[in-house]
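# Analysis of the macromolecular model
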Amino acid sequence: MFSLPLSLPSQRAVFDILACYVLFRVLKWSVKPWYSPSPLRHIPGPAPESWFKGNLGQLFNAKGLPFHLGLGEIYGGIAKVHGFFGDEQLYISDPKALQEILIKNPDAWEETEVFIETNRIIFGPGLVATTGDVHKRQRKLVNPVFSPTNLRNLVPVFYNVAERLTDVLMREIRSRAGVDGFSVLDMSEWMSRAALETVGKTVLGYSFDPLDSHAYTNAIRELIPTLFSLSLVRQFAPFLVQLGPAWMRRKFVDWTPHWAVQKVKNMSDVMHNTAVNILADARVSMRRQNEKTLISLLLSANDTAGRNERLSEAELTGQLTVMIFGAQDTSSSALSRLVYQLSIRPDIQAKIREEIRATGATDRHLTVEEIFALPWLDAVLRETLRLYPPVPFVRRTALQECTIPFGHDSSVRIPQGTIIFLGIAGANRLPSVWGPDAKEWKPERWLGGDMHRKGDYSVRLPGIYAGMMSFLGGKRSCIGYRFAQIEIKILLISLISRFEILPTEDDVVWNLSQIISPSVRIMKEGVEAEEKGLPLRVKLVD
Ligand code: HEM
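Now for a quick tour of the structure.

How each quantity is defined
- Residues numbered from 1 in each chain as written.
- Predicted model: local features only at pLDDT ≥ 70, side-chain atom pairs only at ≥ 80, totals over all residues.
- Heavy atoms only, no water.
- Near = heavy atom within 4 Å.
- Polar contact = N/O pair within 3.5 Å; in protein donor to acceptor, adjacent residues only side chain to side chain.
- Helix = DSSP H or I, 4+ residues; strand = E, 2+ residues; numbered from the N terminus.
- Nonpolar A, V, L, I, M, F, W, Y, C, P; charged D, E, K, R; others polar.
- Buried < 20%, exposed > 50% of the residue type's maximum accessible area, 1.4 Å probe, protein only.
- Contact = heavy atoms within 4.5 Å.

## Side note on the site of the ligand
Neighbouring the ligand are 28 residues; Glu111, His135, Arg139, Arg396 and Cys478 lie closest to it. At a separation of 2.7 Å, an oxygen atom of the ligand approaches a polar side-chain atom of His135. Breaking the shell around the ligand down by element, the ones donating at least two residues are helix 6 (132-142), helix 16 (313-344), strand 5 (393-398) and helix 22 (481-498). By residue number, the principal contributor to the shell around the ligand is helix 16, which donates seven residues. A per-class count over the shell around the ligand returns 17 nonpolar, seven polar and four charged.

And the structure:
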C-alpha cells in the first residue's frame, strides 16, 4: 500500500494538514444547521451510508451503477445524496432542471473544484482544467478544429486505422480458429488499441503502435481507473492546492505515501514530457509538410489568433493531453458496448452487414454522407449511447444561490457552493422522454425519425447529440462528439462487414470507473473474481 520511504517530518506534515481539514469540516457541519436550516432538507434521497463519507462510497464505486440509476427511479428527477460529513448534494436527472443548469443559466454553474484542480495538476491548463473566461477563450480556439470539414479530411486516416485493425484481427483468427472458424478475442482490448491509435494518428499524426507497451500508452490506459480509485482522496484537492506555491504542492505530492497518488504523479510526468516533445515535432512537421492533424490545425489557428485570444505553450500542451484522454477511454468504452450488443443481437448485426454491402463499401471507402445515411448503423449507435452512456454522470458546483425548476411545477432553491451530480445515464432512461420501453435496447426506436419517440413531446433533454445526455450539452459539452461518431462508425463498418461476432458463455459485467468498462466473472483458486476484458467469438464472414 505505501510505496515511498518517507521521512517522519514530511509524513507528519501531510497528516497535520488533512487533520486540520477534517476538523474544519466537522465543525462547519455540526454548527451550520443551528444558524441556517437547509433549503434542501425536504428533498428525498437515500440515508447516508456513513457519517464520514455520506453516500460517496456508493457513488464512486465500481459496482455503483445500479445505485446511480436507482436514485432517479426511487426518488425522482432530483434526489438528495450526502458528501463528506453530511454535506448535502443533489443528484439531478430531471429534464427541466438540466435545461436550466446547462442552457438557461450556465454561468451559475461550474465544474467542481476537485475536478478542475486535479485535472490542472495532471493535464496542465487545458479545457478540462480551466473555468470561466479562460475556458471560453480556449473553447473558441479549439472548437473549430473539430469542424465537419476538418473531420471529413481525416476520413482516410480513420479508415487506415480501421483497416489495420481488421488485418490484425484476420491474422489472429486464422492463427487460432477452432473447427467452426471462430476465435475468442478480447474485443475490449482491441477496441481500446484501435481508439488510441485513431486519436494518436488524427490528433497528433503520431502512432502509439498499439502492440507496443510504450510508457505513454500505459499512462493513458491506466490513468482513469487509477484516478477513480482515488475519488475520495481527490475531494481534498481544492484544499491542498491552496497550500503555498507550486513547488511546495509538488513536494506534498512527492511525500504522499499512497501508491495510487505516486502512480498518478508518474503518469502525469510521462504524459506532460511526451506532450511537450510531440508539440515540438508537430511544429516542425507542420511547417515542412503542411500536415493536417488536429494539433497542427490548432497550432495554425493559434498562430493567427489575436494576442488576447492566443493559447500559451502550457495551454497548448494541456489541450493535447486532454484531447487524447477525452477520446481514448470514452470511445473504447462505447465501441466495446457496441460490439457486445451486436454479438448478443446477431439479427441486428446482419441488418448492418446487409446495408453496408448494399453500398459496395467492402471494396471502397464510404464518404461521410454515405456513412451517415446507413440507418441501422446510426440507430444502433444512438440506442447504445443512450442506454449505455460511457460517462454516466458528471458533477457541478453552484457558483451562486439559484432556484431551479423541476417536474411539472416544482422548484428548489440551491445554496451557493452546493455540489450536484448530473445523472446522464438516468436522464437517458426516463420514460417521460423515451416512453415506457425506455430501459430496453431497441435501435428500431430511431428509425422513422422523431415521430417514433414515445415519450411526452414537451419534455426535452438539453443534450447536443440526438436529444440525449451522453455527450452532455451547453458550454462544457463534448468537443469531440462528431469525431467520436465518425470514428466509431468507420471502425464498425470495417468490423461488421468482415467479421461475424457472437458472445461466449462468459458472464460479462460492466463496471464504473468514471467511464464504464467490461470485465468477466471468473473462478480463481476456488474464489469468484473478476478480470478486465470482453471475450467474444469472432470469425470471418462467409
Ligand atoms: C463516445 C465517445 C465520447 C463520449 C461519450 C464523451 C463524453 C463527454 C462528456 C460527457 C463530456 C463532459 C464532461 C464534463 O462535463 O465533465 C465530454 C467532454 C469533453 N470531451 Fe468527450 N466524449 C467522447 C469522445 C470524445 C472525443 C473523441 C474527444 C476528442 C477527440 C473528446 C474530447 C472532449 C473534451 C476535450 C471535453 C472537455 C470539453 C470542455 O470542458 O469544454 N471526447 N465528453
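## Structural notes on unusual backbone geometry
Phi at Ala466 is positive, roughly 50°, even though this residue is not glycine. Considering the arrangement of structural elements, one finds Ala466 in the loop between helix 21 (431-434) and helix 22. Its relative accessible area of 26% is what places Ala466 among the partly exposed residues. The backbone phi angle of Gln514 is positive, close to 70°, even though this residue is not glycine.

## Observations regarding the environment of Arg310
Structurally, Arg310 can be placed in the loop between helix 15 (294-304) and helix 16. Residue classification places Arg310 among the partly exposed residues on the basis of a relative accessible area of 38%. Residues Arg310 and Asn266, 44 residues apart in the sequence, show an inter-C-alpha distance of 30 Å. Residue contacts for Arg310: discarding those within four places in its chain leaves Arg137, Asn302, Asp303, Ala305 and Glu315.

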